[in-house]
Structures are given as structure tokens and as C-alpha cells.
Amino acid sequence: MSQIVTPNGFTLDNSGRRVAIDPVTRIEGHLRIEVNVDANNVIRNAVSVGTMWRGLEPILQGRDPRDAWAFVQRICGVCTGVHALASVRAVEDALNIPIPKNANTIRNIMHLALFAHDHLVHFYHLHALDWVDVVSALSASPKATSELAQSISSWPKSSTGYFSDVQQKIKRLVGSGQLGPFRNGYWGHPAYKLPPEANLMAVAHYIEALDFQREIVKIQAVFGGKNPHPMWLVGGVPSAINVHGAGATGAINAERLNLVAKIADQTLDFISQVYIPDLLAIASFYKDWFKLGDGLASKNLMSYGEFPTLANDTSNASFMLPRGAILNGDLKQIHEVDLKDPNQVHEFVEHSWYRYPDDKAGLHPWDGKTDMEFRLGPKSRGGKDGTRIEEIDENDKYSYIKAPRWKGHAMEVGPLARMVIAYANGDKYVQELVDSTLKKLDLPLTALFSTLGRTAARGLEGLWAAEKLKEQVALLQSDIRAGNSSTANTEKWQPETWPSEAKGAGYCEAPRGALGHWLYIKGGKIDNYQCVVPTTWNASPRDPAGNIGAYEASLLGVPMADPKKPLEILRVIHSFDPCLACATHVIGPDGGLLTEAKIL
Amino acid sequence: MSEKHETFYDVICQRGVSRRDFLKFCAITATMLGLGPEGVATVAHAMETKPRIPVLWLHGLECTCCSESFLRSGHPMASEIITSMISLDYDDTIMAAAGDQAEEIIHDIMRDYRGAYILAVEGNIPLANDGMACIVAGRPFRHQFDEAAKHAKAIIAWGTCASSGCVQAAKPNPTRATPVHKLVSHVPVINVPGCPPIAEVMTGVLSYILTYDRLPELDNQLRPKMFYSQRVHDKCYRRAHFDAGQFVESWDDEGARQGWCLYKMGCRGPTTYNACASMGWNEGTSFPIKSGHGCIGCSEEGYFDRGPFYERLPDMQQWGIESNADKVAVAGAAALGGAIATQAVVTLTKRAMTGKRLKDSGQNNGNKVGDGTAEEGKP
């Protein structure tokens, strides 16, 4: 190939200079990106390579389905709990176990707290350094920084003295020569555009957010005992409620609920007074990034729907964020998504390090099948005899990520997809949130389909989640006040009550997007377990038809100031909030046997 | 080594922290490490004189829950540690640099701080398929790990993945995921198990090393004794209900609402060595049992193969509910005698091993000998 046009409408040209970024850092897991740039250093071809594989599904075979949540929760410790939630839902679906209302509310509270936490940490600790030059903050005027901060927010920590202290802290760090996590950053890169004062403010909030984030997750600890990796339960939640009588200190009681309510208040304060103002301030200096990095965003978006307001009801009438798909950018039509329909979700492996009986055919997750087959294609460079891989051959197999497709289409999932689908579905609150934000930045709706559009949608969803979190906490309290303290349905706890065979599917919207688990239960044990996760959709390699996935598509057309310093690539890829441990463990029902590595 | 050795105290002073606040911080650290009043001066002295030690934090097959837990630490806070106590020069999860710029750091630290940096490893190393189930910088993670391990002062194996395997090493362990200590021979390894470990245990181990300039005393599974020498059951606030025979029999039953013992719901507290029940999670907010779910034993080797999690541990002895204080005292003395006897064997065994690290502690379940009352949960 020199130049080709993919069926989903992208022009790829791999004739120019090849650049590899490995490891891509400030993500979860291991990812490699390769691009070809033209004579003007504009990206013309992109290759997304998932470089780790853990094989959890064969490990699940033969286990007790009630235990599955604990295994799959260990798929990811960043978006902790999302796999556990999808798992208990899948088992409850298979065994037809309805959960009590309080259990639904508590799950919503835990999941909303995760959304708020995860989006906040992503913005400050995984993404901000793509936009914020830490070294530039040294030349800021603390007084001007204070004025800037006070002009955009009523957040109290904004005095000249405060910013002066933070600046001293950075000075010491830089002066010591031991920069720690800031070592070898791209400081001074021409793509950094913030004035020193905005940089100093953002660095101060980087530190504040690092300190504050640990508060948010205490909500998960109250109901789940710990975070990361709280405890879950098939049939409800493990934490019992007792607010009135003796022994209340051994259960969810008035003190516990007060703690949760207080943290929910603080979370909303921090997000509305720090995160959102910073997001807007930073974005206003990078408006060109509302045009770069579109990829699939303006074409195909999908959400499975999340936050049921009614327990055991997964219709759009119940969901706070609707399920649906948008195709070819047509916001007037939201397509129905049915994850159990064998003709909708398929996974392909022609370009993945797995083998199907027929690599050209896709398989529904319930019929998923995978044998690992690691090999480097004939045009790859390096990787022989233990040498470093210099270049991956994308015409052959090239990633541990499969290529999932919805009705044959490559889809983008995540906060942008959820916000746009809610917007298109007529959600007045989301429309107001999006419209008012775009108005402040003087941008059209189409600006959402971009690198910073993704980042902005995530921030707005963080704010949305913090508000819904407060509502759900209030709901739990009012239901308890009304005398409802049930948290678990144990009618079908014992395996003797189960049918000899059952199959189920459980979905959730994780912070990074649509997540599905499919399982078979036979004789009380897991017979087959399959996950298709958000980053599998977004970081997908090519499919047999040649359609490229969201990461690869979004990098096309992005100009680089200096290909040796891949700041622009980090911006685009980080806007998706990659989670590679999630994406690259996938394996089907008989995938236990491994072939030895063949390096061609 | 770098010429400029800035101490923790230098940094903290220049950040406008008063001497009084500094000593307060030292007191909290001393208390956390169980050092008593005289320990404050030791901590303060160390903080005043020791340079920031470079830390390379590598990620193998893992889920990043250890990093996330570390960031949750309340005392000291992660921001304090990263800016003032250590120099976290490489950590894929938070570092600004990527690709070549990131890899360059590892080489620079290995060159400039040979034998003087700490290697922290999150996750484990897959050996199947020539190690290609985890590729970093175009090579098997095994290569990056081997090189960094060679010249480290010490290696901290964060979490159960790095310590003993965790979920990807559960049967049939498709990638042959292998814990750190099995692949290292000349550098001391400290296992800090848990999925993840408790945040303050992680920062406690680090600050101990910095404060005393030595490694913590380890048990035969290479775990710091200060945090892993007692079972969750030993310090559980629901222990009295176990002794009284008051058990949760079904989820959300009256016993659950009263906070009774979760033993019958499969709790692994009796066979799990960790500090959850005493230190709590998320700055003491809770721990699994306090939130109504049994311990699943996430800090124990092979815990995923010791299920099902909701099946109770067999043959646990407990005080009958009809016992009076005298009977309990007599029974207690007898049980204690047995426990002391078995504990003595363990102590002797451990003493024999003092000073040398067990090459493969995974084969040795010496700690289980001391259980006295507990059997393995495997049906």
C-alpha cells in the first residue's frame, strides 16, 4: 500500500516517515502507536497496537458464577468496579434475579462516584500535561495567576500567596534536578500555548485534584469496603441497611449516609468550581484542537445506556443516559442497539493476534472463539531474536485487541458518544449543558467531534455525574425514610435453584464507554465468558473489510511540530482515556491453548 | 550519584512548612510505623539528612489498581511522596514523557544511580510465548524488567500480581504470569501483597525504607512483618460475634443488619494475613467486612484458586454461645497453648532463615503452620 481509501471513508498513506511511540504513557496498560507523517509532518497513516494480553476468560471457565465479578473486576483497577457491575448484571440476567430498589440506587451511587472520580483524575493526571507546560509555570506572576483564578471561579484557594507557594514547590522540584514524573516531559514544545499564569493555576489544581480524588472514592468504600476493587454481590449489594435499631453501627447507618452525602457535596463543588473552569480556560487557548482528531466521532457513535432509575428496567425510559447508535453523523436517527441480537455485535481477528477458523468472518460474543497467534508480518522491522520491534506490519496481524463492529460499522464509544446520544435523544439537561459550554467557547455543535470535544464532553459528564450522584444519595435516604431497607434478593442464591443451563448478558457504560459481558452457565458453573470493552471498540485494529477504528481514524490529518516529540499524538489518544488492560485480555471459550510465538 | 542531595526536610522547609508541622508529620509517620515516642526523632533525623531516592515503577501484566491505591494514601499523601520523599522518575501511569523520552529515563537512572534506586514493580511477568504477552518499547516486558532489576538497590513487588501471581496466574495461567521474586536472584525483594495493597501500607513501606535506610523485616513470604503478621480475623471488629456464635446466615438478614460475623458467608479473614481490619481502607473509611462482605483473601497467594468465595472455610473452631467466661478462659488457655506451640515452630523456622532471602517462598507456606484453627479454603 502506498495510498488507499478505507470503506469507512479514510485515506491512508504509509509512504512517509514512520514514527513509533512505545510506551504510550499516562494510560492504563500497554499501548503502542505508529504513524506515518508526510513531508509537512502531518499524520497520514496510523496503527494502534495493544501490546498486552492476560487471558482472563479461560481462567473463568468452571468457576462459580457468583464469584465472576471478583475475577473480572481485576481486568481494570482504574475504572474499578465496572467489570464487576457488568458481571453481576450478566449473572442476574442469566438466572433471572431481580434486585431490590435500594441495591439499584446504591449501585448507581457507586458507579456515579466512579464517573466523577475517573473523569477528574483523567483530566488532571492523565491528560493535563498534554496542554499544560509545568516549566512555564515558573515564570508566572502569582498575583496575575490569582486574578486569573478568581476571574473564572469562586474556588477559595486562589490567593497570591497560595499560587506563590505552589510556584516555590515547582521551583524546588525543577531546581533539584530530580523532576520525578515531570522528567523528560515536552516542556517548551511549540504546541504548548497557555500563558504562564494558566500553567501555574493548572499545576496547582493538578496537586489539589491529586489530594481531593481520594475523598470521592470513599463513597465506594462505604458500600463496598474498599477502593480500588470494592465488593459486589449477585442479587444486590453486600452492605445491609440499619438506620434505626440496635446494631446499626454494623451496617449502613445515619453516620455512613452523612459521610456519603458530604463527599457528594464536595465532589460537586470541586468539579463545578475547579475542573470545569480549568477545562474551559485551557480549551479557550487551544481552539484549533476542536477541529483536530475527529476520526469516527462525527460518523458513528454508540452507547449501551446507563444508570437505571428503575431497578431491573434497562429500557431507555429507565436510563438516565440512553442506549443507541448514531450512524454517519445523522443525529436525527438513533438506532436501536440489541446486544443479544446475533446480527449486531461481531468481533473480527484478521488483524489481531488471535486465530479464528475463518479469519474473515466475525463472531458474536456468545459464540466468541480465540486462539492466540502472535506473529509479526513480513514488512515489520526488528523483533527478531529478541531485538526491539522497530515497525509493525499493519497488513498482517498487529494487535492483542480484537476488532468489534456493530452491524459491520466501526464505532466510537465513551463520554462523547453518551453526551451526543443523550443530546440527540432530546435530554434537555444535557442539551443545556452542552449548548451553554459551546456558547462560552463560541463554538458550533460540530466542534464536539474532535480531540478537545471528547475532553470537554468528559468534563461535562463529570459535572452531570456529580449532580446525579447527589440526587441518588437523596433518593436512597428518602427510600430508607419510607421504610425500605432491603438490599439483596437471595431467592436464587443457592445453585440448586438455578436451571441446568442458562445464558446471560450484562452491560454497563464504563467511564470510557460501552462495556458488555456475555456468559453461559452450565451445571452451576461458568461454561463460557466473554467481554467486549470500551477500549476494544476505540483502539480496534482494522477489520477484514479494511475499516479502521477510532484511534487510528482520529490521528489522521493531525500535524506534528516535531515527530520526535509526539505531544500531538498523546493529545489525541489521551482524549479517549485508553484502558488497555481492559481491551487486551479477550479470549473465547476454548482459548486455553497457546501457540509459541512465531516471529517471521 | 547526583551531586545535589536535597533532603526531604529541605524540600518541606522551602515549601513554607513550619518546623512544628514537620515534626507533626514525623510523629504521624512514627506512629504509623509503630515506633513509639522516641521514633519521632529518628524519623525527623532521617528526613533531615536523606536525599530523595529515585524510584522506577514498572508495569507488567496488571490492572493498575496498585497505582490507584497508592494515589489514595492519606498519610503521607501521594502528592507529598511524589514531590518530596522519592523521585518517581519512571511510572507509565503518571509520567509526562512517553515513547523514547520515557525509555531514556530508565537508562539514565540505571547509569546515574547504579545500585541506588528502588525498582517498584506492579503486575507480573508473562513467560509463555517468549514473553510476548506483554510488550513494552518493542520488547518483551521481561527484558525491561531484567535490566532494571539487575542494578536496583531493592525491588518492591506491589500487589498480589507481583508478589504471587493474582488473577492472570489463576488456573490455567495462560500466559505463565510469574511473580517478581521467582525471577530475581541477587537483589532483595519485598512483597507487598493485596489486590491492591492498602494505600498507607504502600507508603508506609516506602517511608520505612527512607527513614531507616534499610529494608523492613520480612516473613518467609517476603512480606513486611509490620503489616502482614496478623490475620484479618485476629483484628476483626466482628470477632466478638464469631466467638459468640452470631453469624450472618443469608445476605441482608437480621444478622447482616446487626453486623454479625461473615464466616458462614465464606469470609477468608481467618486465613488472610493483612492489615485491613486494623488500618482500614481509604483512610480508615471501611474494609470489606465492615461493609458487609466477607474477605476474599486478596493478599494471599493463589486466592483465586481457593474458591468458591462464598463457601465457608471448613472446621473453624469457635466459642460456643452457651459458654460462660470461665469455660471460655479454660478453652482459651488450651487453644492459646496450642497456638503458642505452633507459633514457636514458625518462629524457629523463620529465625533459621533470617539474613537470607528465600529463593522461592512460593513453595513454602510456613505461615499457614501457625494458623492453629484455620484450614485452607479449598474444598
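Small disclaimer: the values here were computed from a predicted structure and weren't measured.

(A) Structural detail: the packing of helix α4 (residues 101–127) of chain A against helix α12 (residues 451–481) of chain A. Residue and element names in this part refer to chain A. Closest axis-to-axis distance for the α4/α12 pair is 8 Å, and the angle between their directions is 150°. In terms of orientation, α4 and α12 fall into the roughly antiparallel class. Helix-helix and strand crossings are classified by hand; for α4 and α12 the assignment is left-handed. Taken together, the residues of the contact of α4 with α12 break down into 13 nonpolar, nine polar and five charged.

(B) Seen up close, the sheet that holds strand β15 (residues 501–510) of chain A. All names here are of chain A. If you trace the three strands from one edge of the open sheet to the other, you get β15-β16-β17, paired in antiparallel fashion. For this open sheet the edge positions go to β15 and β17 (525–532), each flanked by a neighbour on one side alone. The sheet shows a mean angle of 15° between the axes of neighbouring strands, direction not considered. One ladder, built from seven bridges, connects strand β16 (residues 513–522) with β17; its direction is antiparallel. Its bridge partner being in β17, Leu 519 is matched across the sheet by Tyr 529.

(C) Helix α9 (residues 254–284) of chain A, seen in detail. Residue and element names in this part refer to chain A. For α9, spanning 31 residues, the distance from its first C-alpha to its last is 44 Å, which sits close to the expected 45 Å at 1.5 Å a residue. At Ile 271, α9 shows its largest kink, close to 35°. At the N-terminal end of α9, a side-chain oxygen is found 2.9 Å from the backbone nitrogen of Glu 255, two or three residues along, and the residue is Asn 253.

(D) Main features of the nonpolar core. In this structure, A:Val35, A:Phe223, A:Trp464, A:Leu555, A:Ile569, B:Trp158 and B:Phe304 are the most contacted members of the largest nonpolar core, which totals 238 residues. Not counting chain neighbours up to four residues away, the residues in contact with A:Trp464 comprise A:Leu112, A:Phe307, A:Met320, A:Leu321, A:Tyr429, A:Val430 and A:Leu433. Of all hydrophobic cores here, the second largest spans 37 residues; its members include B:Leu61, B:Met95, B:Ala148 and B:Ala149.

(E) Representation of the packing of helix α11 (residues 428–441) of chain A against α12(A) within the structure. Residues and elements named next belong to chain A. Their axes nearest at 11 Å, the elements α11 and α12 cross at an angle of 140°. Considering the angle they form, α11 stands oblique to α12. For the pair α11 and α12, the crossing hand works out as right-handed. Every residue of α12 that contacts α11 at Tyr 429, Val 430, Leu 433, Val 434 and Thr 437 is listed here: Leu 460, Leu 463, Trp 464 and Glu 467. Class assignment for the residues of the contact of α11 with α12 results in seven nonpolar, one polar and one charged.

(F) Geometry of the packing of aromatic side chains. With the rule as written, the count across this model stands at 37 aromatic pairs over all chains. Ring geometry for A:Trp493 against B:Tyr310: centres 4.8 Å apart, planes inclined by 80°, an arrangement best described as edge-to-face. In this pair, A:Trp493 is assigned in the loop between α12 and β15 and B:Tyr310 in the loop between α13 (276–279) and α14 (325–353), connecting two distinct chains. For the pair A:Trp493 and B:Tyr310, one class covers both residues: buried. Here the aromatic rings of B:Phe70 and B:Trp158 are separated by 6.3 Å at their centres, their planes lie at 45°, and the arrangement is tilted. Here B:Phe70, found in helix α4 (residues 65–71), pairs with B:Trp158, found in strand β7 (residues 154–158); they are 88 residues apart in sequence, far enough to count as distant. Of the two residues, B:Phe70 and B:Trp158, both sit in the buried class. One aromatic cluster is present, built from ring pairs that chain together A:Trp53, A:Trp353, A:Tyr354, A:Phe374 and A:Tyr400. Note that A:Lys299 overlies the ring of A:Phe10, its terminal NZ or CZ placed 5.1 Å from the centroid.

Rules and cut-offs
Residues numbered from 1 in each chain as written. Chains lettered and ligands numbered in written order. Predicted model: local features only at pLDDT ≥ 70, side-chain atom pairs only at ≥ 80, totals over all residues. Heavy atoms only, no water. Axes fitted to C-alpha atoms, helices over the stretch in contact; angles between N-to-C directions. Helix = DSSP H or I, 4+ residues; strand = E, 2+ residues; numbered from the N terminus. Parallel < 35°, antiparallel > 145°, perpendicular 65-115°, else oblique. Left-handed = near helix turned anticlockwise from the far one by under 90°. Nonpolar A, V, L, I, M, F, W, Y, C, P; charged D, E, K, R; others polar. Pairing = 2+ DSSP bridges. Expected span 1.5 Å × (residues − 1). Bend = angle between axes of the 7 residues up to and from the residue. Polar contact = N/O pair within 3.5 Å; in protein donor to acceptor, adjacent residues only side chain to side chain. Core = buried A, V, L, I, M, F, W, Y, C linked by side-chain atoms within 4.5 Å. Buried < 20%, exposed > 50% of the residue type's maximum accessible area, 1.4 Å probe, protein only. Contact = heavy atoms within 4.5 Å. Phe/Tyr/Trp six-rings, centres within 6.5 Å; stacked < 30°, edge-to-face > 60°. Lys NZ or Arg CZ within 6 Å of the ring centre and 35° of its normal.

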